[in-house]
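# Secondary and tertiary structure notes
One-letter residues, chain by chain:
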Amino acid sequence: MKQADLTSTEKQELLTKLRHELIDLEQQIESIHERSAPVQLDQQAVGRVSRIDAIQQQQMAQAGEVLMQQHLLRIKQILLEPEEYGVCLECGESIGIGRLTIHAIAKLCIRCQSEAENS
């Protein structure tokens, strides 16, 4: 089923939402950098179990940062080329306001996304 093209108002609202999300992501990434400092190896300062826990937390923060960086790059790409926003990269049809409201950085329409996941 073909989705209706985004109106200019809908597109501007979504792009504004993405600009705010960009600022939030940049702040979160900065916070992760501050929290993911190298873990001290001094056994007297930190017990072995505490040190392992700190290393695990650091690794989880770094993995989260990678996902945030990917999200950030997609938002920047959209903001650099807003005329392409809302168009499926696979079939060229409109992605639709419903999908973009839920997943603002979607690259594919629902049909193409379903096909990609099922293949």
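Refer to the preceding data block for the structure.
The rules behind the values
- Residues numbered from 1 in each chain as written.
- Predicted model: local features only at pLDDT ≥ 70, side-chain atom pairs only at ≥ 80, totals over all residues.
- Heavy atoms only, no water.
- Disulfide = S-S within 2.5 Å.
- Helix = DSSP H or I, 4+ residues; strand = E, 2+ residues; numbered from the N terminus.
- Buried < 20%, exposed > 50% of the residue type's maximum accessible area, 1.4 Å probe, protein only.
- Contact = heavy atoms within 4.5 Å.

## Brief notes about the state of the cysteines
- Inspection of every chain in the model, using the stated rule, returns zero disulfides.
- Counting only cysteine sulfurs, Cys109 is the nearest neighbor of Cys112, a cysteine outside any disulfide, at a range of 3.6 Å.

## Overview of the environment of Gly96
- With respect to the helices and strands, Gly96 occurs in the loop between α2 (48–80) and α3 (97–102).
- A relative accessible area of 0% means that Gly96 is categorised as buried.
- Distance in space between the C-alpha atoms of Gly96 and Ala106 is 10.0 Å, their sequence separation being 10 residues.
- Excluding residues that lie within four positions of it along the chain, Gly96 makes contacts with Gln3, Ala4 and Leu6.

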